[in-house]
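Chains, contacts and geometry: an overview
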Amino acid sequence: MPRTTTLELYKEEMKFSAGHFTIFSATHRENLHGHNFTVYVALTGEVADNGMLSDYGPLKQTIIARCRTWNETFFLPEHSPHLKLERDAKGNVLARFNGEELRFLARDITVLPVENVTLEELARVFGEELVGDGTALRKDGVTRLVVKCASGPGQSSSWEWVAP
Ligand SMILES: Nc1nc2c(c(=O)[nH]1)N=C([C@H](O)[C@H](O)COP(=O)(O)OP(=O)(O)OP(=O)(O)O)CN2
């Protein structure tokens, strides 16, 4: 009888401190602010004869490494219909919103391929980068992976991958 399990990873190091602002319309956005985000990853699949779904060690290190690259940065959305980004030769950014000009140094920002920097989109981008084309996960017998991103206790959004 196949045994299904779900491995859950939410280690202390699976966190990053970053800034952002959510854009609600062409004229309404939040002020710039930050969070101590945390990340939770769950992978589901069948337990093999060796008593394991798969060694979660490499995945844990990948998650922690990704958290470190998102630590101490300020997120900007690449594809917002309301925020226009202009980069200079050094990668510094002038962001225009509703007549405002916000200036950022290249060293301080991470531009994400999202329409808005929200928990939903952080979980999606994080998950999509973990999963890639899914080949490695499927090879390891993983049938489902969930990423949850929280902006603090009691507030998170999730993203799910299911093996085809
Ligand atoms: N669907 C979403 N809605 C909102 C998001 C989001 O990511 N997805 N994000 C925000 C704000 O950026 C976020 O809530 C601001 O956080 P915070 O300063 O902590 O204020 P909160 O009101 O969320 O939390 P409290 O601690 O209860 O004040 C808004 N909407």
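Residues numbered from 1 in each chain as written. Predicted model: local features only at pLDDT ≥ 70, side-chain atom pairs only at ≥ 80, totals over all residues. Heavy atoms only, no water.

1. Quick word on the nonpolar core
- The biggest cluster of nonpolar side chains holds 33 residues, and the ones touching the most others in it are Phe 16, Val 39, Val 41, Ile 63 and Val 147.
- Contributing elements (two or more residues each) for this core: strand 1 (4–9), strand 2 (15–20), strand 3 (33–46), helix 1 (57–69), helix 2 (119–131), strand 9 (142–152) and strand 10 (155–162).
- Considering every element that reaches this core, the biggest residue donor is helix 2, with 7 residues.
- In contact with Val 39, not counting residues within four places along its chain, are Leu 9, Tyr 10, Met 14, Phe 16, Ile 63, Cys 67, Phe 126, Val 147 and Lys 148. (Core = buried A, V, L, I, M, F, W, Y, C linked by side-chain atoms within 4.5 Å. Buried < 20%, exposed > 50% of the residue type's maximum accessible area, 1.4 Å probe, protein only. Helix = DSSP H or I, 4+ residues; strand = E, 2+ residues; numbered from the N terminus. Contact = heavy atoms within 4.5 Å.)

2. Let's talk about unusual backbone geometry
- Located in the positive-phi region is Glu 72, a residue other than glycine, with phi close to 60°.
- Of note, Glu 72 is situated in the loop between helix 1 and strand 4 (73–77).
- Backbone geometry places Asn 98, a non-glycine residue, at a positive phi of 50°.
- Relative to the assigned elements, Asn 98 resides in the loop between strand 6 (93–97) and strand 7 (100–104).
- A relative accessible area of 44% places Asn 98 in the partly exposed class.

3. Quick look at the site of the ligand
- Near the ligand the following residues occur: His 20, Thr 22, Glu 30, His 33, His 35, Thr 118, Leu 119, Glu 120 and Gln 155.
- Thr 22 places a side-chain nitrogen or oxygen 3.1 Å from an oxygen atom of the ligand.
- Separating a nitrogen atom of the ligand from a side-chain N or O atom of Glu 120 is a distance of 2.7 Å.
- Out of a free accessible area of 600 Å², the ligand has 45% covered by protein chains. (Near = heavy atom within 4 Å. Polar contact = N/O pair within 3.5 Å; in protein donor to acceptor, adjacent residues only side chain to side chain. Areas by Shrake-Rupley, 256 points an atom, 1.4 Å probe, with all protein chains shown as cover.)

4. A closer look at the pattern of salt bridges
- Going through the model one piece at a time under the given rule, you end up with 12 salt bridges.
- Here Glu 12 makes a salt bridge to Lys 15, at a shortest N to O gap of 2.8 Å.
- A residue is classified by how much of its surface remains accessible, and Glu 12, at 58% relative accessible area, is exposed.
- With a relative accessible area of 42%, Lys 15 lands in the partly exposed category.
- Between Asp 140 and Lys 139 there is a salt bridge, and its shortest N-O distance comes to 3.8 Å. (Salt bridge = Lys/Arg side-chain N within 4 Å of Asp/Glu carboxyl O.)

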